[in-house]
4 protein chains.
Amino acid sequence: MAPRRVDKAARREEILAAAVRVFARKGFAASRIDDVAAEAGIGKGSVYLYFDSREALLDAAFENMTAAAEDILRRARSSPGPALDRLAVLIGEVLRTVSAEPDLARILLDLWNAGRGGAEGLPLSMAAVYAQYRTVIADLLREAGKEGTARPGLGLAEATVIVGAIEGCLLQWVIDPQVPIADLTGPIVAVCLDGVRTHGRPDRSAGGRP
Amino acid sequence: MAPRRVDKAARREEILAAAVRVFARKGFAASRIDDVAAEAGIGKGSVYLYFDSREALLDAAFENMTAAAEDILRRARSSPGPALDRLAVLIGEVLRTVSAEPDLARILLDLWNAGRGGAEGLPLSMAAVYAQYRTVIADLLREAGKEGTARPGLGLAEATVIVGAIEGCLLQWVIDPQVPIADLTGPIVAVCLDGVRTHGRPDRSAGGRP
Amino acid sequence: MAPRRVDKAARREEILAAAVRVFARKGFAASRIDDVAAEAGIGKGSVYLYFDSREALLDAAFENMTAAAEDILRRARSSPGPALDRLAVLIGEVLRTVSAEPDLARILLDLWNAGRGGAEGLPLSMAAVYAQYRTVIADLLREAGKEGTARPGLGLAEATVIVGAIEGCLLQWVIDPQVPIADLTGPIVAVCLDGVRTHGRPDRSAGGRP
Amino acid sequence: MAPRRVDKAARREEILAAAVRVFARKGFAASRIDDVAAEAGIGKGSVYLYFDSREALLDAAFENMTAAAEDILRRARSSPGPALDRLAVLIGEVLRTVSAEPDLARILLDLWNAGRGGAEGLPLSMAAVYAQYRTVIADLLREAGKEGTARPGLGLAEATVIVGAIEGCLLQWVIDPQVPIADLTGPIVAVCLDGVRTHGRPDRSAGGRP
DNA sequence: CATGAATGAGTATTCATTCAT
DNA sequence: CATGAATGAATACTCATTCAT
C-alpha cells in the first residue's frame, strides 16, 4: 500500500538506459542480461519485471530512436521556410541528436541488424522508418523544385542518396569512432545540395572530349 | 603430389560460398555450422578441415569483400582520366559489384557488426577499409580541385560524405531489398557531384552537348 | 484479544480454498503462488503470512482430505449394523464426498504424487491413509465373515481390491471427467460384494423380495 | 562413413531406460536432464540427440506402456475361450507385466498426471487408453452375459469398476511398495468375479428387514 | 497486517568444436 | 580425408521467498 520509492516508469527508463550503455559497449549479440542488470545495479530477475525479454530491451531502444527520428521528420515537414533550408536543418538535427546520445546511436548497427532471420513479431521495422525518411526528403526536394531552388525532376532516387549520405556518415562513425560525426553537417549539406563540381561556367568535365 | 580430384582451395571456396549464401539468408548470428555444412552438401566436421571456426567463415567473406573493394580503389587511383570521371566510375563499380553478388553484399550488416565487443585478434578491420576508401576519394577530390573541375578546398570531410552516400544507399538496400540499388549510380553521381540546387548560370554539367 | 474482523483461521481457509481451486484447474506443478494469491484476491506476500511455503498449501489440502477420509472410516468402524451394509455405506460416502467437492478431489493426483523423490520431512503420508483404509475394510470383511454374510477367510488382500475399486474409479474420473463418478456407487457395491458371475442357485441378494 | 558402434535405436532405448529408472526413483517433476544423462553414462547434450525435450522422454515411456497395454487388450479381445476366463487372464497379465517392470510401472503416477494444465500437443491421452480398456472389458462382460456365465445387463459401469480394481491396486502399490502387487491377481479375480458375499442360499444381507 | 518489488538459485536447451572410426 | 556422434560450456528465463514500506 505504501507507494514504492521509484515509480515503475522511471525504473524502466533506468534499466533501458543501462541496457543501451551495455549494448553500445559490447554490441547486442554479446550483451548478457546479467551485464545489463549489473550495469543497472539490480538483480538479474528484476530486469524481467520491466521487460519481457532481452529482445524487448532492443525493441524499446528502437522505439526511442524511432520516436526521435519521427519528431525530426515531422518538424521538417511542417515547419515554415524554404524546403532546402528545412532539409539542411533536418540534416543538422539528425547529426546533433546522434552526437548528443552516442550510446543510443552506437546500437544503430544492432537495430539495422534486427528483424532479419526468421519471423519476429514486429520485425523492428527499420525498413519502414527509412521509407518514411525517404518520402519526407523526396517531398522536400519536389517542393524545392517548385520553389525554383532545386533542379526539377528530383524525387525518391535523390532522396535515397541524401538519406544515404546522412546514414552512411553515421555508419562510418559507428564503425570508427574517429570519424568526426559532429562536424559533418556542413559537408553533407554542401555536397548534397551544391555538389562538388565547380559552377558558374559551363562545366563539361563529365562529358567526353570535344 | 598430383592434385586431388577436388583440390583443397576449390573445396574451400565452395564451402565459403555456401556459408555466404546461408549468412545472406539468415544473418550470421542465426547461421549454424550445420546450416553451412548442409548448404555445402558436406558433413559438419568437414567444415573444420577448411576453416578454423565459425568466425573464420565470416573473416573469409570479409577478405573477399575487401579484396574486391581494394581492386576498385586501386583502379580509381591508378587509371587515367579526369579525377571526377574516375570517381563516377568508382561509384558505378561499387554498385555494380554489389548488385552482381547480392549474397555477398547482404552480409555487409554482419561485417559492419563484426569485431565489436571484446578483444578479437584482428577485429575484421572494417574501419581500415573505410579509412582507405575515404582517403582515395579525398585524393580524387583534391586532384579534381587542381584540375579545376571541383571546388577547391575539398578533402576528407567531403570524401566521408561521398562514401556515406554510397554505403548509405547500400545500407538502405540491405535493410529493404525494395530499394533499387542497381539504379542509384546515376542519382549518386548527380547529387554528390552536382548537388540538387539550381545554380546562377545554366549548368550543363549533367547534360549532353549543346 | 477481540477477534479481528476476519480472523486468522477464516482467512487461512479462504486462501486454502483458493489454492485448491487453482491446483484443481492447472495441477500443482503448474500452479504459481501468484495464481493462488490472485484467486484469493490478496497480495502474493500475504500467502506467506498463513502458509510457510507453496508446498504447505498442498500439505494443508492433504490434511483436509485426510480428515474427511478418517471421518468416513471412523463411522464405518463404529456405526451399528451388518458389516457389509456399513461397507456399502462407506463406498457411497466416499463417492458422495468426492462428488460434492470435485476441486478437492481433482488434486488427488497431486496428493498421490507428493512425497516422492528426496527426503521430505513428513512426505504427505498417503501410504498411511491407504493402509488404514485397507485395515478398516479388512476388519469389516472379517466381521462379515463371522456374521456369515461374507465368505470366510477374507482379509487384507480383498480389502486392497475393494479400496482399489473405489480409488481406481476415482482415478479414472480424475483422468477423464466424463466418467460418471456419482453413478458408480451401485456398480461398485454390486461388483465387489456380489461379483459378476452367475451362481449355481438363484442369487437374489441384489434384488427385491420374491 | 564408418558405421557407429551402437546403432541409434539401441542407444535411444538405453537412454529411455535410464530415464525411466530416474523417473521411477525421483518422480518426473524432480528429475533433471542431468540425472538422466548421468544415469545413462553420457553427456547431457547427448540426450538431446535422441529426444527433443525432457517431456519427450515421458512421452516415450508412455508409448511403451501404452503398447504393452494394447497388446494385452488385443489378446483379451481375440483369444478363444470363455469371456470370463479371458478377463481373468487379462487381469493376470496386467499385474504380471507391471511386476516385471516395476520401474516403468512406478512412473504411472507421472503418466496419470501428464497432459493436464495447458494445451500440450498430444496430451498423453491416458484418458483414451482407459476408455479403450473399459470398452474391452465391457464387451467381455456382455459376452459372458450371453454365455450365461455372468449376470445379464452388465456393461460400462461394471467395467469401470473392474478397471478401477486393477488400476486401484496398482495405485496403492505405486504409493506404497509394500503392497504385494504380484499376489493380487487371485483376490481381484475372486472379488470382482465372485464378490465377497456368501452364495448358495438366498442372501438377503443387503436388503431391508423382513 | 498487507503488499508487491526485488532477488538469485535453479534448469532446459543450444551449438561450436572435437575426435574416434 | 570425411564424418557425425558426443560433449559441456554458456545463457535466457522462471518463480518461490523475502522484506522494506
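You'll find chain A entered in an unreviewed UniProt entry as DNA-binding transcriptional regulator, AcrR family, with Thermostaphylospora chromogena given as the organism.

Asker: What exactly am I supposed to notice about the overall build of chain A here?
Answerer: From N to C terminus, chain A includes 10 helices and 0 strands. For chain A, the succession of helices and strands along the chain, N to C, is α-α-α-α-α-α-α-α-α-α. Within chain A, the proportion of its 210 residues that are buried is 48%. If you sum the accessible surface of chain A, you get close to 9700 Å²; carbon and sulfur atoms cover 54% of it.

Asker: What am I meant to see in the protein's contact with DNA strand E here?
Answerer: As a matter of local geometry, DNA strand E sits amid 36 residues, with Gly43, Ser46 and Tyr50 of chain A, Arg32 of chain B together with Ser46 of chain C nearest to it. Among the atoms of DNA strand E close to the protein, meaning within 4 Å, 69% are from sugar or phosphate groups. Contacts to DNA strand E include Arg11 of chain A, whose side-chain N or O atom sits 3.1 Å from a phosphate oxygen. One nitrogen or oxygen atom from the side chain of Arg32 of chain D is found 2.7 Å from a phosphate oxygen belonging to DNA strand E. In terms of residue class, the surface near DNA strand E is built from 11 nonpolar, 10 polar and 15 charged.

Asker: Please clarify how the UniProt feature "DNA-binding region" (unreviewed entry) in chain A should be interpreted in this entry.
Answerer: According to UniProt, the "DNA-binding region" (unreviewed entry) feature falls on residues 32-51 of chain A. The span residues 32-51 of chain A is 75% helix and 0% strand, and its two end C-alpha atoms sit 14 Å from each other.

Asker: Can you walk me through empty space enclosed by the protein in this structure?
Answerer: In this structure the tally under the stated criterion is 2 cavities of 30 Å³ or more. Here the largest cavity defines a volume of roughly 290 Å³. If you go around the largest cavity, you meet 19 residues; those closest to its centre are Met65, Ala69, Val94, Val98 and Glu167 of chain C. At the level of secondary structure, the elements contributing two or more residues to the lining of the largest cavity comprise helix 4 (54-78), helix 5 (83-100), helix 6 (102-106), helix 8 (126-147) and helix 9 (156-175) of chain C. With 6 residues, helix 4 of chain C is the single largest residue contributor to the lining of the largest cavity. Of the residues assigned to the lining of the largest cavity, the class counts are 15 nonpolar, 2 polar and 2 charged. As a volume, the second largest cavity reaches approximately 240 Å³. Contributing to the lining of the second largest cavity are 17 residues, with Met65, Ala69, Val94, Tyr133 and Glu167 of chain A lying nearest its centre. If you list the elements that add at least two residues to the lining of the second largest cavity, you get helix 4 (54-78), helix 5 (83-100), helix 8 (126-147) and helix 9 (156-175) of chain A. The greatest single-element share of the lining of the second largest cavity, amounting to 7 residues, is contributed by helix 4 of chain A. Partitioning the lining of the second largest cavity into residue classes produces 14 nonpolar, 2 polar and 1 charged.

Asker: Sorry, what's going on with the interface of chain C and chain D here?
Answerer: One frequent convention defines the size of an interface as the accessible area lost when the parts assemble. Of the residues lining the interface, 58 residues belong to chain C; the matching set on chain D comes to 58 residues. Together chain C and chain D conceal approximately 5200 Å² of surface at their shared face, both sides included; 60% is due to carbon and sulfur atoms. On inspection of chain C and its partner chain D, the count reaches 2 salt bridges. Considering each element in turn, the side of chain C that touches chain D owes the most residues, 14 residues, to helix 9 of chain C.

Asker: Sorry if this is basic, but what is going on with the relation of the copies chain C and chain D here?
Answerer: Two chain copies, one operation linking them: a rotation about an axis together with a shift along it. Expressed as a screw transformation, the operator carrying chain C onto chain D has a rotation angle of 179° and an axial translation of 0.0 Å, and the superposed copies differ by an RMSD of 0.2 Å. Here the two chains are linked by the operation of a two-fold rotation axis. Taken as a fraction of all interface residues of chain C, those also at the interface in chain D reach 93%, which identifies the copy contact as same-surface.

Asker: Help me out: how do you make sense of helix 8 (residues 126-147) of chain B in this one?
Answerer: Within an α-helix, residues lying three or four positions from one another point in the same direction, as the helix has 3.6 residues per turn. The end-to-end C-alpha distance of helix 8 of chain B is 32 Å, a good match for the 32 Å that 22 residues give at a rise of 1.5 Å each. Within the span of helix 8 of chain B, buried status applies to Met126, Val129, Tyr130, Tyr133, Arg134, Val136, Ile137, Ala138, Leu140, Leu141 and Ala144 of chain B. Along its buried surface, helix 8 of chain B packs onto helix 9 of chain A together with helix 4 (54-78), helix 5 (83-100), helix 7 (108-113) and helix 9 (156-175) of chain B.

Asker: Could you clarify how one ought to interpret the relation of the copies chain B and chain A in this entry?
Answerer: Placing chain B over chain A gives an RMSD of 0.2 Å and needs a rotation angle of 179°, together with 0.0 Å of translation along the axis. In this assembly, 93% of the residues forming the interface of chain B have copies in chain A that are likewise at the interface, indicating an isologous arrangement.

Asker: For this particular structure, what's the right way to read the nonpolar core?
Answerer: One recurring pattern in soluble globular proteins is that nonpolar side chains are buried together. Grouped together as the largest cluster of nonpolar side chains are 148 residues, with contacts concentrated most on Leu90, Trp112 and Ile188 of chain C together with Leu90, Trp112 and Ile188 of chain D. With near-sequence residues (within four places) excluded, Trp112 of chain D lies in contact with Leu109, Leu171 and Ile175 of chain C together with Met126, Tyr130, Glu167 and Leu171 of chain D. Membership of the second largest hydrophobic core comes to 147 residues, among which are Val22, Ala144 and Ile188 of chain A together with Val189 of chain B.

Asker: Is there a simple way to explain the interface of chain B and chain A in this structure?
Answerer: Each side of the interface is counted separately: chain B has 58 residues, and chain A has 60 residues. Note on chain B versus chain A: buried area summed over both sides is about 5200 Å², and carbon and sulfur give 60% of it. With a shortest N-O distance of 3.7 Å, Arg134 of chain A and Asp176 of chain B are connected by a salt bridge. One can count 4 residue pairs in polar contact (both at pLDDT 80 or more) joining chain B with chain A. Those elements giving two or more residues to the side of chain B that touches chain A turn out to be helix 1 (8-26), helix 5, helix 7, helix 8, helix 9 and helix 10 (185-194) of chain B. If one sorts the elements of the side of chain B that touches chain A by residue count, helix 9 of chain B sits on top with 14 residues.

Asker: Could you clarify how one ought to interpret the protein's contact with DNA strand F in this entry?
Answerer: Arg32 and Lys44 of chain A, Ser46 of chain B together with Ser46 and Tyr50 of chain D are the nearest of the 37 residues found near DNA strand F. Of all DNA strand F atoms lying within 4 Å of any protein atom, the proportion belonging to sugar or phosphate reaches 71%. For DNA strand F, a base nitrogen lies 3.4 Å from a polar atom in the side chain of Lys44 of chain D. For the surface near DNA strand F, the per-class residue count stands at 11 nonpolar, 10 polar and 16 charged.

Asker: What should I look at first to understand helix 4 of chain C in this one?
Answerer: Between its terminal C-alpha atoms helix 4 of chain C stretches 37 Å, which fits the 36 Å expected from 25 residues at 1.5 Å a residue. Among the residues of helix 4 of chain C, Ala56, Leu57, Leu58, Ala60, Ala61, Phe62, Met65, Thr66, Ile72, Leu73 and Ala76 of chain C are the ones counted as buried.

Asker: Would you mind showing me how to read the packing of aromatic side chains here?
Answerer: For any pair of aromatic rings, geometry is given as the distance between the ring centres together with the angle between the planes. All chains considered together, the criterion is met by 8 aromatic pairs over all chains. The interplanar angle of 85° and the centroid separation of 5.0 Å between the aromatic rings of Phe23 of chain C and Phe28 of chain C together place this pair among those described as edge-to-face. Note on Tyr130 of chain D and Tyr133 of chain D: the rings are 5.8 Å apart at their centroids and 25° apart in plane angle, and the pair reads as stacked. Of this pair, Tyr130 of chain D and Tyr133 of chain D both sit in helix 8 (residues 126-147), 3 residues apart, roughly one helical turn.

Asker: Would you mind going over the side chain of Glu93 of chain C with me for this structure?
Answerer: Residue and element names in this part refer to chain C. As for its placement among the helices and strands, Glu93 is situated in helix 5. Take Glu93: its relative accessible area is 14%, and that puts it in the buried class. Non-local contacts of Glu93, meaning those with residues more than four positions away in its chain, are made with Ile72 and Arg75.

Asker: Looking at this model, I keep getting lost on the confidence of the model for chain A. Mind explaining?
Answerer: The predicted coordinates should not be examined in detail at positions where pLDDT is low. With 86% of its residues at a pLDDT of 70 or more, chain A shows a mean pLDDT of 88. Residue range residues 117-121 of chain A is modelled with pLDDT below 50. Its contacts to residues more than four positions away, or to other chains, number 3 contacts.

Asker: Help me understand the packing of helix 5 of chain A against helix 8 of chain A, please; the structure alone is not making it clear to me.
Answerer: A pair of packed helices is characterised by two quantities: the angle between their axes and the separation of those axes. Residues and elements named next belong to chain A. Two elements in contact, helix 5 and helix 8, have axes separated by 8 Å at closest approach and are oriented at 150°. Judged by the inter-axis angle, helix 5 sits roughly antiparallel to helix 8. Residues Ala83, Leu84, Arg86, Leu87, Leu90 and Val94 of helix 5 pack against Tyr133, Ile137, Leu140, Leu141, Glu143, Ala144 and Glu147 of helix 8. Classifying every residue of the contact of helix 5 with helix 8 gives 10 nonpolar, no polar and 3 charged.

Asker: Where do I start with the environment of Val94 of chain D in this structure?
Answerer: Residues and elements named next belong to chain D. Mapped onto the elements of the fold, Val94 is located in helix 5 (residues 83-100). As for Val94 and Glu167, which are separated by 73 residues in sequence, their C-alpha atoms are 9.3 Å apart. Discounting chain neighbours no more than four positions away, the residues touching Val94 are Ile72, Tyr133, Ile166, Glu167 and Leu170.

Asker: Would you mind showing me how to read the state of the cysteines here?
Answerer: Between two cysteines, a covalent bond joining their sulfur atoms is known as a disulfide. Taken as a whole, this structure holds 0 disulfides over all chains when the rule is applied. Here Cys192 of chain A stays free of any disulfide, with the sulfur of Cys192 of chain B as its closest cysteine sulfur at 5.5 Å. For Cys192 of chain A, a relative accessible area of 0% corresponds to the buried category.

What counts and what doesn't
- Residues numbered from 1 in each chain as written.
- Chains lettered and ligands numbered in written order.
- Predicted model: local features only at pLDDT ≥ 70, side-chain atom pairs only at ≥ 80, totals over all residues.
- Heavy atoms only, no water.
- Helix = DSSP H or I, 4+ residues; strand = E, 2+ residues; numbered from the N terminus.
- Buried < 20%, exposed > 50% of the residue type's maximum accessible area, 1.4 Å probe, protein only.
- Areas by Shrake-Rupley, 256 points an atom, 1.4 Å probe, with all protein chains shown as cover.
- Near = heavy atom within 4 Å.
- Polar contact = N/O pair within 3.5 Å; in protein donor to acceptor, adjacent residues only side chain to side chain.
- Nonpolar A, V, L, I, M, F, W, Y, C, P; charged D, E, K, R; others polar.
- UniProt positions renumbered as here; feature names shortened; annotations may be inferred.
- 1 Å grid on protein atoms, 1.4 Å probe; cavity = no way out; pocket = protein on both sides within 12 Å on 5 of 7 lines; lining within 4 Å.
- Points joined across faces, edges and corners; volume = space filled by probe spheres on them.
- Contact = heavy atoms within 4.5 Å.
- Buried area = accessible area lost by both parts, 1.4 Å probe.
- Salt bridge = Lys/Arg side-chain N within 4 Å of Asp/Glu carboxyl O.
- Least-squares fit on C-alpha atoms with pLDDT ≥ 70 in both.
- Expected span 1.5 Å × (residues − 1).
- Core = buried A, V, L, I, M, F, W, Y, C linked by side-chain atoms within 4.5 Å.
- Phe/Tyr/Trp six-rings, centres within 6.5 Å; stacked < 30°, edge-to-face > 60°.
- pLDDT = per-residue confidence, 0-100.
- Axes fitted to C-alpha atoms, helices over the stretch in contact; angles between N-to-C directions.
- Parallel < 35°, antiparallel > 145°, perpendicular 65-115°, else oblique.
- Disulfide = S-S within 2.5 Å.

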